Amino acid sequence: MNRTLQILKYILSDAIGASCAYLAVFTFRKSIIEPKLFGDNVLLLYDNKFVLSLLAIVAFWLAIHTITGVYRNIYRRSRLREFVQTFSMSLLGSVFLFFAIILDDYIDSYTSYYQSFAILFGVHFVFTALGRLILSSRTAHRIHSRSIGFNTLLIGSNENALKLHEELQSQRRGSGFLFKGFVHINGGHNHALEGNVPHLGHFENINSILSEHGIEDAIIALETSEHDKIGQILNKLEGQPVNVKIIPNMYDILSGQVRMTSIMGAPLIDISHEIMPAWQQSFKRMMDVFISIFCLILLSPVYLIIGLIVKFTSKGPFLYSHERIGLHGKPFNIYKFRSMYQNAENNGPALSKKDDPRITPFGKFLRRSRLDELPQFYNVLKADMSMVGPRPERQFFIDKIVQVAPHYKHLQSVRPGITSWGQVKYGYAENVEQMVERLKFDVLYIENMSLLVDLKILIYTVLIVLQGRGK
């Protein structure tokens, strides 16, 4: 599957829809409205001004579609959901354009407003919805005919996994699962799936298996006796770019946890990775970029002053960097103003404590005021970090935390942040136990992520900086 080509097809289709809508409104104005106002000698010219306006309108619509996540998961589009989304976005976008460009136009009567809006909305919706319907129907046909699909791994090897595999393979219309193999959970060599799909090993090695075989979907199909392993499996899959599904039992169905994604498909619980709506994720990133650029420019004198004080109050560079683990377990170099004496960790990584002799006198002030974190706006600009998110840790401490709290890997499903709910509520941790205690606030943040929560955390962080209450 060529995702880039498919996205380009959607973009071209949406651009045609936007162009047709603007062309229709422009032609209606020049051929109907203006002759009534200025006489019959109005020329219908598609000049440079028209072309520039057309390009601006197309760019506006494509930006709206990108922000709202239209071009994500391009092969997993529900035609009904796409139709509803196209209608709502066409309506909202048309209302905006009406007030931005149509309301100020000359009109012969107020009915011209209604006619212009109806043409703008109607033509845009019809052409955009039609183009998307053609593309998504073509994709659905290719999936149902099994000419394309998603590389799938079965987690489980016994009767439930075998029944699911047989059910999905026997369907007249394909569900999109291209089974690359299975991994077993418990020991033993007599696996019911043996001979049906390749055996790829034990689930403990699942991360390398996912990468090696380009797995996009993972279906957990365990026996009742193996259900105690589900938590371990989900922790292993946390942060991996795969769609996770679980075979439900009757309790799951009766409790309403199972949602139909396909009328003809097998009932599966979909473990959603969409922590925030697509438009909020886009807005969060735009906010990160804007704030980081603004702060890097506005606070440049502060950077210079702090850097000089750090440099002249203790030996060593004024900036300190070391490797931390970010989104999906990807390492990156984090930057801070140096608050410790040079070579403070010659004996290995260690968390700072109250009255830590490794911290310089000025470093204590930097830590209390959180000013040592200011260089991380550069990390935010690079997309290593976000303004708000769980604080990134070093691999050395992650290995220790995971031994006590395996669900720590859940934090790697989002970008780490300069500030976090855990940082605001708990401050700097002095040992692994405190890191685990702080972890629950960060997990709560991820489960409740929204722009409003981010705003609250930023406000509390500013108050801590101004009051110097940092721990």
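Residues numbered from 1 in each chain as written. Predicted model: local features only at pLDDT ≥ 70, side-chain atom pairs only at ≥ 80, totals over all residues. Heavy atoms only, no water.

Concerning the overall build of the chain
Basically, it comes down to this: Only DSSP runs of H or I reaching four residues or more are called helices, and only runs of E reaching two or more are called strands; each is numbered from the N terminus. Note on classification: 1.4 Å probe, protein chains only; a residue is buried when its accessible area is under 20% of the maximum for its type, exposed when over 50%, partly exposed between these limits. Only the protein chains shown count as cover for residues, and the accessible areas themselves come from Shrake-Rupley with a 1.4 Å probe.
Summing up its helical and strand segments, the chain has 16 helices and ten strands in all. Expressed as a percentage of the 471 residues in the chain, the buried residues total 45%. Total accessible area on the chain stands at roughly 25,000 Å², and carbon and sulfur atoms take up 61% of it.

Here we look at helix 9 (residues 278-298)
For an α-helix, 3.6 residues make a turn, and residues three or four places apart therefore share a direction. Rule in force here: By this rule the span expected of a helix is its residue count minus one, scaled by 1.5 Å. For this analysis, residues touch if any pair of their heavy atoms sits within 4.5 Å.
The terminal C-alpha atoms of helix 9 lie 30 Å apart, and with 21 residues this matches the ideal 30 Å at 1.5 Å per residue to within 8%. By the burial criterion, the buried members of helix 9 are Ala 278, Gln 280, Ser 282, Lys 284, Asp 288, Ser 292 and Cys 295. For helix 9, the secondary structure elements touched by its buried residues are helix 2 (48-67), helix 10 (300-313), helix 12 (376-381), strand 9 (386-388), helix 15 (432-447) and helix 16 (451-467).

So, the pattern of salt bridges
For clarity, the threshold we go by: Here, a salt bridge means any Lys or Arg side-chain nitrogen found within 4 Å of an Asp or Glu carboxyl oxygen.
As enumerated under the stated definition, the model contains eleven salt bridges in all. Where Arg 77 meets Glu 82, a salt bridge forms, and the shortest distance between an N and an O atom there is 2.9 Å. Taking the relative accessible area as the measure of exposure, Glu 82 reaches 3% and is therefore buried.

Quick look at the confidence of the model for the chain
As a general rule, the predicted coordinates of low-pLDDT regions are not to be interpreted in detail. The line we're drawing: Values of pLDDT, the confidence the predictor places in each residue, fall between 0 and 100.
When pLDDT is averaged along the chain, the result is 84, and 89% of the positions lie at 70 or above. The lowest-confidence element of the chain is helix 8 (residues 250-254), averaging 41 in pLDDT; the highest-confidence one is helix 12, averaging 95. Below pLDDT 50 for its whole length, residues 250-258 participates in eleven contacts with residues either more than four positions away or in separate chains.

So, the nonpolar core
Convention followed: To define a nonpolar core, start from buried Ala, Val, Leu, Ile, Met, Phe, Trp, Tyr and Cys residues and group those joined through side-chain atoms within 4.5 Å.
Counting residues in hydrophobic clusters, the biggest one holds 39 residues, and the most contacted among them are Ile 306, Leu 366, Leu 374, Phe 377, Met 387 and Tyr 445. It is helix 15 that provides the largest number of residues to this core, a total of six residues. Excluding residues that lie within four positions of it along the chain, Tyr 445 makes contacts with Lys 284, Val 388, Gly 389, Pro 390, Trp 421, Val 453, Asp 454 and Ile 457. Counting residues in hydrophobic clusters, the runner-up holds 28 residues, among them Tyr 22, Leu 54, Trp 61 and Tyr 71.

Let's talk about the packing of aromatic side chains
Where we set the bar: Note on aromatic pairs: the rings of Phe, Tyr and Trp (six-membered ring only in Trp) are paired at centre separations within 6.5 Å, and the planes decide the class, stacked below 30 degrees, edge-to-face beyond 60, tilted for the rest.
Scanning the entire structure with this criterion turns up 19 aromatic pairs. Where Phe 87 meets Phe 121, the ring centres are 5.5 Å apart and the plane angle is 85 degrees; that geometry is what we call edge-to-face. Within this pair, whereas Phe 87 is found in helix 3 (residues 79-102), its partner Phe 121 is found in helix 4 (residues 111-144), the two being separated by 34 residues in sequence. Since its relative accessible area comes to 38%, Phe 87 is described here as partly exposed. You can call Phe 121 buried: its relative accessible area is 16%.

Points about the pairing of strand 4 (residues 217-220)
What counts is decided by this rule: In this description, strands pair whenever DSSP reports at least two bridges between them.
Of the two faces of strand 4, the one holding Asp 217 and Ile 219 and the one holding Ala 218 and Ile 220 are both buried throughout. Taken together, the four bridges between strand 1 (residues 150-155) and strand 4 define a ladder with parallel strand orientation. Across the sheet, the residue bridging to Thr 152 is Asp 217, located in strand 4. When strand 4 meets strand 5 (residues 243-246), the two strands line up parallel, connected through four bridges. In the sheet register, Ile 219 faces strand 5, and the bridge partner there is Lys 245.

Considering the packing of helix 2 against helix 3
The test is simple: Helix axes are fitted only over the stretch in contact, all axes being lines through C-alpha atoms; the angle between N-to-C directions runs from 0 to 180 degrees. Should an angle lie under 35 degrees it is considered roughly parallel, over 145 roughly antiparallel, and from 65 to 115 roughly perpendicular; all remaining angles are considered oblique. By definition, any crossing whose near helix is turned counterclockwise from its far helix by less than a right angle is left-handed, and any crossing with a clockwise turn is right-handed. Polarity classes work like this: nonpolar for Ala, Val, Leu, Ile, Met, Phe, Trp, Tyr, Cys and Pro, charged for Asp, Glu, Lys and Arg, and polar for all others, with Gly in that last group.
Direction vectors running N to C along helix 2 and helix 3 enclose 140 degrees, while the axes themselves pass 11 Å from each other. One finds that helix 2 runs oblique with respect to helix 3. Crossing handedness for the pair helix 2 and helix 3: right-handed. Together, Ile 57, Phe 60, Trp 61 and Ile 64 of helix 2 and Met 89, Ser 90, Gly 93, Ser 94, Phe 96, Leu 97 and Ile 101 of helix 3 make up the contact between the two elements. Looking at side-chain class alone, the contact of helix 2 with helix 3 contains eight nonpolar, three polar and no charged residues.

A short note on the packing of helix 9 against helix 10
Two elements in contact, helix 9 and helix 10, have axes whose closest approach is 4 Å; the angle formed by their N-to-C orientations is 60 degrees. Here helix 9 lies oblique to helix 10, going by the angle between them. Contact residues: helix 9 offers Cys 295, Leu 296, Ile 297 and Leu 298, while helix 10 offers Ser 300, Pro 301 and Tyr 303. Considering only residue class, the contact of helix 9 with helix 10 consists of six nonpolar, one polar and no charged.

Notes on the pairing of strand 2 (residues 177-184)
Along any regular strand, the residues point their side chains to alternate faces of the sheet. Short version of the rule: Orient the strands so they point away from the viewer; a crossover is then right-handed if the path from the first strand over the helix to the second runs clockwise.
In terms of burial, strand 2 is a largely internal element, six of the eight residues being buried. Relative to strand 2, strand 1 is paired through six bridges, and the arrangement is parallel. Considered in strand 2, the bridge of Phe 150 is made with Phe 177. Once you follow strand 1 into helix 5 (residues 159-170) and on to strand 2, the crossover reads as right-handed. In terms of strand pairing, strand 2 meets strand 3 (residues 199-202) through three bridges, oriented parallel. Looking at strand 3, one finds that His 184 is bridged to His 202.

Re the environment of Gly 149
As for its position among the elements, Gly 149 is in the loop between helix 4 and strand 1. C-alpha separation for the pair Gly 149 and Gly 176, spaced 27 residues apart in sequence, amounts to 4.3 Å.

A short note on empty space enclosed by the protein
Note the threshold: A pocket, in this scheme, is an open set of points on a 1 Å grid over the protein atoms alone with protein on both sides within 12 Å along at least 5 of 7 lines, while a cavity is a set where a 1.4 Å probe fits but cannot get out; residues line either one if an atom lies within 4 Å of a point. Grid points are joined across faces, edges and corners, and a volume is the space filled by probe spheres set on the points.
Enumeration according to the criterion identifies two cavities of 30 Å³ or more in this entry. Taken as a whole, the largest cavity holds about 70 Å³ of empty space. Together, Ile 325, Gly 326, Pro 390, Arg 391, Pro 392, Glu 393, Ile 398, Tyr 408, Leu 411, Gln 412, Val 414 and Pro 416 line the largest cavity. Each residue belonging to the lining of the largest cavity can be placed in one class, and the counts come to eight nonpolar, two polar and two charged. As a volume, the second largest cavity reaches approximately 60 Å³. Arg 391, Glu 393, Ile 401, Tyr 408, Leu 411, Met 435, Arg 438, Leu 439 and Asp 442 are the residues that line the second largest cavity. Ranked by the residues each element gives to the lining of the second largest cavity, the list is headed by helix 15, at four residues. Tallied by class, residues from the lining of the second largest cavity come to five nonpolar, no polar and four charged.

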